[in-house]
Amino acid sequence: MLYDLPSRVHGLLPACVLLLGWLCLVPVTAQGQAHTASDPALLIHGGAGSISADEMSDERETAYREALRTALKEGNAVLQNGGSALEAVQAAITTMESDTLFNAGRGAVLTSENTVELDAAIMDGKTRNAGALTGVKTVKHPIRLARTIMEESYHVMFAQDGAEAFARQQGLELVENDYFITEARRSGDGREAADPPSAPDEKFGTVGAVALDVDGNLAAGTSTGGISNKEFGRVGDSPIIGAGTYASNRSCAVSATGQGEFFIRGVAAHSIASRVRFGDMSLSDAAQATIDEIEELGGVGGVIVLDREGNMATPFSTQGMFRARVGADGEMTVRIFGDE
Ligand code: ASP
């Protein structure tokens, strides 16, 4: 037996060399899981709510579809050029923040004091680093501030004056609060001063994006003016990591829209990630289960979710949700209504 050993070891050598070579070539993720190159994917939303084909004019429907396609293209261009999921999320959201159709950046809803207060968050699924802000009134692109907080600060979240001061210190573009207020919002869009914040038949035009890049990394981001008629200082789910926004390479990337109070109480985004990671559930079952749970609490809304295999789901409990996707086949799909 002893005499056999050297020749056996000798025989195993080529296999060992091959194995070592393979181990060196396959990238190892932050979590220590081997991951080969991925097909990039991007999923965006522009809010959920009482959105029905009967009540929307053809012009408005076309405008929304074009706006979603434009934002999807911006984000997808980043991914196709080898850019990161974080960059793609930021590009798609920045585009929607500039579009007055959405409740984010310019065109955001008004508070009960007729001002605009913006919330945003971004999260990197590879490192689980995150940046978030709430109640900013002068930062032109809140999603850029979220990214800057993530990358340039020790902290995860800044609020109101502190967020503005950090943005100024970092040289981000600032504008007057009036810049965000459009004529449509000023004239109320049907809003009465006595309306309760976020009447259930309202539209939640928050924007969000989840992306998977060629390196197999996920990212998520959300940006919003919150809910219409919200009280001064109110914080929604969008900037709260684990409620409206979450990303982890271990599970999935999530961005939510809807009645934020319920998404906070249901810790919605993280509960989807936990169901995927520990609950042995498919991505779409996990997302649906969380939307059902939010409904049990009394809230409505929707989520967009994406995992490292490029699986996607967009469940919502409202009539419709503005949403668009592009995956491995490169085909871009834009949907608005519930029956599409
Ligand atoms: N979830 C957002 C909030 O409660 C609103 C929305 O989705 O439009 O602030």
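About the criteria used
In every chain, residue numbers begin from 1 and rise along the written sequence. It should be noted that, the model being predicted, local features are given only for residues of pLDDT at least 70 and side-chain atom pairs only at 80 or more, the latter also being counted only at that level, while totals for whole chains, interfaces and linings use all residues. Computation of side-chain values covers all heavy atoms of the structure but excludes hydrogens and water. As defined here, a cavity is a set of points on a 1 Å grid over the protein atoms alone where a 1.4 Å probe fits but cannot get out. A pocket is an open set with protein on both sides within 12 Å along at least five of seven lines, and residues line them when an atom is within 4 Å of a point. Grid points are joined across faces, edges and corners, and a volume is the space filled by probe spheres set on the points. Side-chain classes follow a simple rule in which Ala, Val, Leu, Ile, Met, Phe, Trp, Tyr, Cys and Pro form the nonpolar group, Asp, Glu, Lys and Arg form the charged group, and the remainder, Gly included, forms the polar group. For each residue, the accessible area found with a 1.4 Å probe, counting protein chains only, is set against the maximum for its type, and the residue is called buried under 20%, exposed over 50%, and partly exposed in between. The helix count covers DSSP runs of H or I at least four residues long, the strand count covers runs of E at least two residues long, and both are numbered beginning at the N terminus. The criterion for strand pairing is that DSSP finds at least two bridges linking the strands in question. The set of buried Ala, Val, Leu, Ile, Met, Phe, Trp, Tyr and Cys residues whose side-chain atoms join them within 4.5 Å is what this entry labels a nonpolar core. Residue proximity to a molecule or strand is established when one non-hydrogen atom of the residue lies within 4 Å of it. In protein, a polar contact means a hydrogen-donor-capable atom and an acceptor-capable atom, both N or O and within 3.5 Å, with residues adjacent in sequence counting only if both atoms are side-chain atoms; elsewhere, any N or O pair within 3.5 Å suffices. Surface accessibility in these figures is a Shrake-Rupley result with a 1.4 Å probe; residues are shielded only by whichever protein chains are displayed. It only takes one pair of heavy atoms within 4.5 Å for two residues to be counted as in contact. Helix axes are fitted to C-alpha atoms over the stretch in contact, other axes to C-alpha atoms as well, and angles between N-to-C directions run from 0 to 180 degrees. The pLDDT score gives, residue by residue, the confidence of the prediction method on a 0 to 100 scale.

Enumeration over the complete set of coordinates arrives at 2 cavities of 30 Å³ or more. Taken as a whole, the largest cavity holds about 70 Å³ of empty space. Along the wall of the largest cavity there are 13 residues; nearest its centre are Thr206, Gly226, Asp237, Ser238 and Gly258. In terms of residue class, the lining of the largest cavity is made up of 2 nonpolar, 8 polar and 3 charged.

Let us now look at the pairing of strand 12 (residues 320-326). Counting buried positions along strand 12 yields 6 of 7 residues, so the element is predominantly enclosed. Judged from the 6 bridges that link them, strand 1 (residues 41-49) and strand 12 form a sheet pairing that is antiparallel. Following the sheet pairing, Ile44 is matched in strand 12 by Ala324. Looking at chain direction, strand 12 and strand 13 (residues 332-337) are connected through 5 bridges and run antiparallel. Each residue of the ladder has a partner; that of Ala324, found in strand 13, is Val334. Remark: 5 residues form the turn of the hairpin made by strand 12 and strand 13, two consecutive strands paired antiparallel; Gly330 in that turn has positive phi of roughly 80°.

Moving on, we get to the pairing of strand 7 (residues 218-224). For strand 7, a buried count of 7 out of 7 residues is recorded, marking the element as mostly surrounded by other parts of the structure. With burial as the criterion, each face of strand 7 is covered, one bearing Leu218, Ala220, Thr222 and Thr224 and the other bearing Ala219, Gly221 and Ser223. Note: strand 2 (residues 118-124) against strand 7, 6 bridges, orientation antiparallel. In the sheet register, Ile122 faces strand 7, and the bridge partner there is Gly221. Looking at chain direction, strand 6 (residues 207-212) and strand 7 are connected through 6 bridges and run antiparallel. Bridging across to strand 7, Ala209 finds its partner in Gly221. Joining the antiparallel neighbours strand 6 and strand 7 is a turn of 5 residues, in which Gly216 adopts a positive phi near 85°.

Formed by 52 residues in total, the largest nonpolar core has its most connected members in Leu42, Ile44, Leu68, Phe102, Leu133 and Leu145. Top element by residues in this core is helix 3 (residues 85-98). It accounts for 7 residues. By size, the runner-up hydrophobic cluster in this structure holds 35 residues, among which are Leu218, Cys252, Ile272 and Val276.

Bringing the site of the ligand into the picture now. Surveying the vicinity of the ligand reveals 13 residues, the closest of which are Thr206, Arg234, Asp237, Thr257 and Gly258. Arg234 is positioned such that a nitrogen or oxygen atom in its side chain is 2.8 Å from an oxygen atom of the ligand. Gly258 places a polar main-chain atom, nitrogen or oxygen, 2.7 Å from a nitrogen atom of the ligand. Protein coverage of the free-state accessible area of the ligand, which is 270 Å², stands at 100%.

What follows concerns unusual backbone geometry. Most peptide bonds are trans, and most residues other than glycine sit at a negative phi. With phi around 60°, Asn114 is a residue other than glycine that occupies positive phi space. Structurally, the position occupied by Asn114 is in the loop between helix 3 and strand 2. Positive phi is not limited to glycine here, since Val267 has a value of about 40°. Among the secondary structure elements, Val267 is positioned in the loop between helix 7 (260-265) and helix 8 (268-278).

This next bit is on the sheet that holds strand 10 (residues 301-306). The strand order across the open sheet built from 4 strands is 8-9-10-11, with neighbouring strands paired in antiparallel fashion. Looking along the sheet, the strands with just one partner apiece sit at the ends: strand 8 (245-247) and strand 11 (312-313). One ladder, built from 2 bridges, connects strand 10 with strand 11; its direction is antiparallel. Residue Val305 lies in a different strand from strand 11, and its bridge partner there is Ala313. In the packing of helix 8 onto the sheet, contacts are made with strand 8, strand 9 (253-258) and strand 10, and the angle to strand 8 comes to roughly 30°. Sheet strands touched by helix 9 (residues 283-297): strand 10 and strand 11. Its angle to strand 10, the strand with the most contacts, is close to 160°.

With 85% of its residues at a pLDDT of at least 70, the protein reaches an overall mean of 89. Taken together, the stretch residues 1-6 has pLDDT below 50 and engages in 0 contacts with residues farther than four places along the chain or on a different chain. When the criterion is pLDDT under 50, residues 16-34 qualifies, and its contacts beyond four places in sequence or with other chains add up to 15 contacts.

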